[in-house]
Amino acid sequence: MTRKQRRLILIGAGLGVLALAAGLILSALNDTIVFFRTPTEVAQKQVTPGARLRLGGLVETGSVVKAGTLTTFSITDGNAAVKVAYQGILPDLFREGQGVVAEGALQPDGQFKADSVLAKHDEKYMPREVADALKQQGLWKDGAPAPGAASPSTRQPGS
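Fair warning: this is a prediction, and the values are worked out from it, not measured in the lab.

1. What to know about the environment of threonine 69
Stage number 1. Mapped onto the fold, threonine 69 is located in the loop between β3 (65-67) and β4 (70-76).
Stage number 2. Counting along the chain gives 21 residues from threonine 69 to leucine 90, while the straight-line C-alpha distance between them is 8.6 Å.
Stage number 3. Among residues more than four places away in sequence, those in contact with threonine 69 are Tyr86, Gln87 and Gly88.
Stage number 4. Looking at threonine 69, its side chain comes within polar contact range of the side chain of glutamine 87, at 2.4 Å.

See below:
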């Protein structure tokens, strides 16, 4: 066997090993990838019940109901709303009118069962996907909800 043939066999074997490694990594990632959706996308795309996803938008005013550690609320993007059930302790910044991202699965009855809920951490922060979706609908302008949108309650200094 010539040097050229050995080199080609070595390169071929190396490419085979790389292809196998890439295939294994992609198959492992396929189980952990969670897609972001807005309530309108969930309503329009008919998301399969049981599919894991992230749901983002604003907590609908008047929708929060707490019973012990079980909290139910609605996430809206201005066009559609999805009811969410969350068992656990909510972030301190969670309140009506605030931007949130809930991760979990859609139930057969259309309710979203969240495993985790993330609330925005300051007045200007909003997850990029949520801000983009709200901007397209005219509900988010320059880092703050647009007038007429579900606005966060304000706290006075010292209260």
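2. With respect to the pairing of strand β6 (residues 99-106)
Stage number 1. Among the eight residues of β6, eight are classified as buried, and the element is accordingly described as predominantly covered.
Stage number 2. In this structure, strand β2 (residues 52-59) lies alongside β6, joined through seven bridges in antiparallel fashion. When the sheet's bridge partners are listed, leucine 58 is paired in β6 with glycine 99.
Stage number 3. The pairing of β6 with strand β7 (residues 112-119) spans seven bridges and is classified as antiparallel. For valine 101, the partnering residue across the bridge sits in β7 and is leucine 118.
Stage number 4. What sits between β6 and β7 in their antiparallel hairpin is a turn of five residues, with glycine 110 showing a positive phi close to 95°.

3. Some details on the nonpolar core
Stage number 1. By size, the foremost hydrophobic cluster in this structure holds 19 residues, and its most contacted members are Leu55, Phe73, Phe112 and Val117.
Stage number 2. Contributions of two or more residues to this core are made by β2, β4, β5 (81-87), β6 and β7.
Stage number 3. At four residues, the largest contribution of residues to this core is made by β7.
Stage number 4. Counting residues in each nonpolar core, the second largest holds five residues, with Phe36, Val101, Val130 and Leu134 among its members.

4. Description of a positive patch on the surface
Stage number 1. A surface patch of positive charge is lined by Arg3, Lys4, Arg6 and Arg7.
Stage number 2. Summarising the element assignment, lysine 4 is placed in helix α1 (residues 3-32).

5. Side note on the packing of aromatic side chains
Stage number 1. Applying the stated criterion to the full structure yields one aromatic pair.
Stage number 2. On the basis of an interplanar angle of 65° and a centroid distance of 4.9 Å, the ring pair of phenylalanine 73 and phenylalanine 94 is categorised as edge-to-face. In this pair, phenylalanine 73 is assigned in strand β4 and phenylalanine 94 in the loop between β5 and β6, connecting sequence segments 21 residues apart.
Stage number 3. Take phenylalanine 73: its relative accessible area is 1%, and that puts it in the buried class.
Stage number 4. On the accessibility criterion, phenylalanine 94 (9% relative accessible area) is buried.

Reading the values: the criteria
- Residues numbered from 1 in each chain as written.
- Predicted model: local features only at pLDDT ≥ 70, side-chain atom pairs only at ≥ 80, totals over all residues.
- Heavy atoms only, no water.
- Helix = DSSP H or I, 4+ residues; strand = E, 2+ residues; numbered from the N terminus.
- Contact = heavy atoms within 4.5 Å.
- Polar contact = N/O pair within 3.5 Å; in protein donor to acceptor, adjacent residues only side chain to side chain.
- Buried < 20%, exposed > 50% of the residue type's maximum accessible area, 1.4 Å probe, protein only.
- Pairing = 2+ DSSP bridges.
- Core = buried A, V, L, I, M, F, W, Y, C linked by side-chain atoms within 4.5 Å.
- Patch = residues over 30% accessible without salt bridge, like charges linked within 9 Å, V, L, I, M, F, W, Y side chains within 5 Å.
- Areas by Shrake-Rupley, 256 points an atom, 1.4 Å probe, with all protein chains shown as cover.
- Salt bridge = Lys/Arg side-chain N within 4 Å of Asp/Glu carboxyl O.
- Lys, Arg positive; Asp, Glu negative; His and termini not counted.
- Charge placed at Lys NZ, Arg CZ, Asp CG, Glu CD.
- Phe/Tyr/Trp six-rings, centres within 6.5 Å; stacked < 30°, edge-to-face > 60°.

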